[in-house]
Amino acid sequence: MAVLKITEYPAKVLGEVGEPVVKFDEELRRLCDDMFETMYDDGGVGLAAPQVGLSLRLFVMDCEGLKLVAANPEVFNLEGEQPGEEGCLSVGKIHSPLKRAARATLRAQDSEGNWYEREATGLAARCFQHETDHCDGILFINRLSPLKRNMVVKRFQKLKKWE
Ligand code: NI
């Protein structure tokens, strides 16, 4: 296993709609292992393939006891609303308040290609929405008001200068 380099905003790949995963082979499973290791190394609860520079519809997550690989993910049955803070490993983990649906169902394929569905609430439901957005080329900052987005981007740019 290996820790991969995290692709950061404003890399082009983060804004691209990912290609569907079609091959469920050893290479994909190795990639998922590496993505888990990268996510744990950086203290995240979810990580999508575009965040390691791959334009693929794939994410891994380990959040509130729910550990999964999601290839070709879709979220549906979005219900209710939850307040809360959101951040992203590709945007320096800078947080901003962002409302998301309180409940969501994820439909995706595991690393063997088997389809499954999982329902979640709270942080795990937020994670489904955030990571599936990554597969569509959408960052959480794209869902903020222009003012809040600017604040996050400016703080991120400052952080990068200090590194
Ligand atoms: Ni993210």
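See the structure shown above.
Because the structure is predicted, anything quoted here is derived from the model rather than measured.

**Remarks on the sheet that holds strand β3 (residues 66-79)**
Then step 1. Read across the sheet, five strands follow the order β1-β2-β3-β6-β7 without closing on themselves; strand pairing throughout is antiparallel. Bordering the open sheet on either side are β1 (46-48) and β7 (115-121), each of which pairs with just one other strand. Strand-to-strand twist in this sheet, taken as the mean axis angle between neighbours without regard to direction, amounts to 40°.
Then step 2. Here strand β6 (residues 103-109) pairs with β7 via seven bridges, running antiparallel. Across the sheet, the residue bridging to Arg107 is Glu117, located in β7.
Then step 3. Set on the sheet, helix α1 (residues 26-41) makes contact with β1, β2 (58-63) and β3; between it and β2 the angle comes to about 45°.

**Topic: the coordination of the nickel ion**
Then step 1. In this structure, Cys88 (SG), His130 (NE2) and His134 (NE2) serve as the protein donors to the nickel ion, at separations of 2.1 to 2.3 Å.
Then step 2. Along the chain, the residues donating to the nickel ion fall in the pattern C-x41-H-x3-H. Note that His130 and His134 are positioned in helix α2 (residues 122-135) at a spacing of four residues, about one turn of the helix. In terms of burial, His130 and His134 fall into one category: buried.

**Structural notes on unusual backbone geometry**
Then step 1. Geometrically, the link from Tyr9 to Pro10 is a cis peptide bond, its omega value of 10° lying close to zero.
Then step 2. Mapped onto the fold, Pro10 is located in the segment before α1.
Then step 3. Phi at Glu64 takes a positive value of approximately 50°, unusual for a residue other than glycine.
Then step 4. Positionally, Glu64 belongs in the loop between β2 and β3.
Then step 5. Take Glu64: its relative accessible area is 60%, and that puts it in the exposed class.
Then step 6. Positive phi outside glycine occurs at Lys93, with the angle close to 60°.
Then step 7. Topologically, Lys93 is positioned in the loop between β4 (85-86) and β5 (96-97).
Then step 8. We classify Lys93 as partly exposed; its relative accessible area is 40%.

Thresholds applied
- Residues numbered from 1 in each chain as written.
- Predicted model: local features only at pLDDT ≥ 70, side-chain atom pairs only at ≥ 80, totals over all residues.
- Heavy atoms only, no water.
- Pairing = 2+ DSSP bridges.
- Helix = DSSP H or I, 4+ residues; strand = E, 2+ residues; numbered from the N terminus.
- Axes fitted to C-alpha atoms, helices over the stretch in contact; angles between N-to-C directions.
- Contact = heavy atoms within 4.5 Å.
- Donors = N, O, S within 2.8 Å, 3.2 Å for Na, K, Ca; no water.
- Buried < 20%, exposed > 50% of the residue type's maximum accessible area, 1.4 Å probe, protein only.

These figures capture arrangement, not role.
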